[in-house]
Amino acid sequence: MRRMASRRPTQRDSVVTIADVARHAGVSTSTVSYVLSGKRAISATTSARVHASIRALGFHPHAGARSLASKRASVIALVLPLRQGMHLPVLMQFATAVVTSARTYHHDVLLVTADEGPAGLRRVAAGALVDGLVLMDVEMHDPRVPTLRELERPSVLIGLPADSAGLTCVDLDFHAAGAVCVEHLAALGHREIALLGAPRVVYERDTGYAHRTRDGFVDAARRLGLTAHAQPCEEHPDAVTAEVTALLDRHPRLTGLVVHNEAAVTHVLNTLRALGRRVPEDISVVAICPDELAERCSPTLSSVQIPAEDVGRQAVDLLMRKMDAESVPDATLLSPALTARTSTAART
């Protein structure tokens, strides 16, 4: 029986070590370590040579070894409980921004979607699984807040509770967003307007962004002397049709609508068309929603952009600064920017 010729082991047959990378690149092992960790400035030429050797050898840093050396897991938790009334496409924009930003810091993201409240936070933060937490879907009186103040792990909230003392929060300034929409319609001569907000369950859950938008809308209308109506709006097409029809029946002089419900926007426009109300000739519509949604509607919607990418990036930046024991502001609120498109026009 012929014996098969033995094959000499190659570099890829064994685990590639940091020492192998150092020899291949002609540098010290500490230089390779600094290139990987970013803890010390390394020249661009040397860094490029090390990365070329890493690719050539197929080197993968050992996560456990990195954790032991740095006392960090290089993982952050994104706590995003999936609840009724949440619009998943927009939520995923926030989640994607957090994941993408975390990778620039060489961190992975653990997505926690179970609605476990304070107990869930304690469970996630109890071990060495994550270095910090980013929380979403923040309520005005969020039951998780007292626990966050007690945890040793740093945290950042995407959202603003009623009492933010001792916390780190980042979000769009939704109170100002509601006000900007009113100011835009008032400047066009509209005197009676309405807000179609989030589904009722979102208000009942005391979710911060919904309440703040409504408060900003009502406060600005009162300040400018407008007649204003604010109500929840469901997401299902039949429910939207019924709510918009009833609203216009009750308030026949209404000429301006603000919609803060991404899932309902197209149903609102379809209902107005079905009722013979032209946009913007008979009724102007402003939305608080992502630009891509506003631009694909017909007519294109005047809107306040939901800055998911900026908010997610800033949330991660703030968390990383806290992990490095840096001082950070308690609240970072992004100013709303309204883009006027073809769905709003002056009252004649």
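Right above here is the structure, for reference.
Residues numbered from 1 in each chain as written. Predicted model: local features only at pLDDT ≥ 70, side-chain atom pairs only at ≥ 80, totals over all residues. Heavy atoms only, no water.

A. Geometry of the overall build of the protein chain. When helices and strands are tallied, the protein chain shows 14 helices and 12 strands. Rg of the C-alpha trace for the protein chain: 26 Å, well past the compact-globule value of 20 Å for 348 residues, more than 25% over. Overall, the protein chain is about 90 × 50 × 45 Å in size when its C-alpha atoms are taken along their principal axes. Accessible surface computed for the protein chain: about 17300 Å², of which carbon and sulfur atoms make up 53%. (Helix = DSSP H or I, 4+ residues; strand = E, 2+ residues; numbered from the N terminus. Rg over C-alpha atoms; globule rule 2.2 N^0.38 Å. Areas by Shrake-Rupley, 256 points an atom, 1.4 Å probe, with all protein chains shown as cover.)

B. Highlighting the packing of aromatic side chains. Taken as a whole and assessed by the stated rule, the structure comprises 1 aromatic pair. Ring centres of Phe174 and Tyr209 lie 5.7 Å apart, and the angle between their planes is 45°; on these two criteria the pair is classed as tilted. On the criterion of sequence distance, the pair formed by Phe174 in helix H8 (residues 174-187) and Tyr209 in helix H10 (residues 208-224) is long-range, its members being 35 residues apart. A relative accessible area of 27% means that Tyr209 is categorised as partly exposed. (Phe/Tyr/Trp six-rings, centres within 6.5 Å; stacked < 30°, edge-to-face > 60°. Buried < 20%, exposed > 50% of the residue type's maximum accessible area, 1.4 Å probe, protein only.)

C. Fine view of the packing of H8 against H10. Relative orientation of the contacting elements H8 and H10 amounts to 40°, with a least axis distance of 6 Å. Between H8 and H10 the crossing geometry is right-handed. Where H8 approaches H10, its residues Phe174, His175, Gly178, Ala179, Val182, Glu183 and Ala186 are matched on the opposing element by Tyr209, Arg212, Thr213, Asp215, Gly216, Phe217, Asp219, Ala220, Ala221, Arg223 and Leu224. (Axes fitted to C-alpha atoms, helices over the stretch in contact; angles between N-to-C directions. Left-handed = near helix turned anticlockwise from the far one by under 90°. Contact = heavy atoms within 4.5 Å.)

D. Quick peek at the nonpolar core. Counting residues in each nonpolar core, the largest one holds 44 residues, and the members touching the most others are Ile76, Phe94, Ile158 and Val170. Residues Cys233, Val265, Val279 and Leu301 belong to the second largest nonpolar core, which totals 24 residues. (Core = buried A, V, L, I, M, F, W, Y, C linked by side-chain atoms within 4.5 Å.)

E. Fine view of H10. Taking 1.5 Å as the rise per residue, H10 with 17 residues should run 24 Å; its terminal C-alpha atoms sit 24 Å apart, in good agreement. For H10, every residue scored as buried is listed here: Gly208, Ala210, His211, Thr213, Gly216, Phe217, Ala220 and Ala221. Directly beyond the C-terminal end of H10, a positive phi value near 75° is found at Gly225. (Expected span 1.5 Å × (residues − 1).)

F. Spotlight on the sheet that holds strand S9 (residues 284-288). On the basis of which strands lie adjacent, the open sheet formed by 6 strands has the order S7-S6-S8-S9-S10-S12 and mixed pairing. Either end of the sheet is taken by a strand with one partner, and the two such strands are strand S7 (227-231) and strand S12 (338-339). Strand direction decides the pairing type here: S9 and strand S10 (residues 302-304), joined by 3 bridges, are parallel. Within S10, the residue paired with Val286 across the bridge is Ser302. Of the strands in this sheet, strand S6 (192-196), strand S8 (256-259), S9, S10 and S12 are in contact with H8, which crosses S9 at around 165°. (Pairing = 2+ DSSP bridges.)

G. Examining the pairing of strand S1 (residues 75-79) more closely. With 5 of 5 residues buried, S1 lies mostly within the body of the structure. Burial of the side chains of S1 extends over both faces: Val75, Ala77 and Val79 are buried on one face and Ile76 and Leu78 on the other. Each parallel crossover has a hand, and for S1 linked through helix H5 (residues 88-104) to strand S2 (residues 108-112) it is right-handed. Judged from the 4 bridges that link them, S1 and strand S3 (residues 132-135) form a sheet pairing that is parallel. Considered in S3, the bridge of Ala77 is made with Leu133. (Right-handed = clockwise from strand over helix to strand, strands pointing away.)

H. Looking closely at empty space enclosed by the protein. Within the structure shown, the criterion is met by 2 cavities of 30 Å³ or more. One number sums up the size of the largest cavity: a volume of about 370 Å³. Val90, Leu91, Phe94, Phe174 and Tyr209 are, among the 24 residues lining the largest cavity, the residues nearest its centre. Counting only elements with at least two residues in the lining of the largest cavity, the list comes to H5 and H10. The leading source of residues in the lining of the largest cavity is H5, at 3 residues. Broken down by class, the residue content of the lining of the largest cavity amounts to 14 nonpolar, 6 polar and 4 charged. Looking at the second largest cavity, the residues that line it are Val79, Pro81, Val112, Ala114, Asp115, Glu116, Gly117, Gly120, Leu121 and Arg144. A per-class count over the lining of the second largest cavity returns 5 nonpolar, 2 polar and 3 charged. (1 Å grid on protein atoms, 1.4 Å probe; cavity = no way out; pocket = protein on both sides within 12 Å on 5 of 7 lines; lining within 4 Å. Points joined across faces, edges and corners; volume = space filled by probe spheres on them. Nonpolar A, V, L, I, M, F, W, Y, C, P; charged D, E, K, R; others polar.)

Geometric descriptors of this kind do not, in isolation, establish any biological role.
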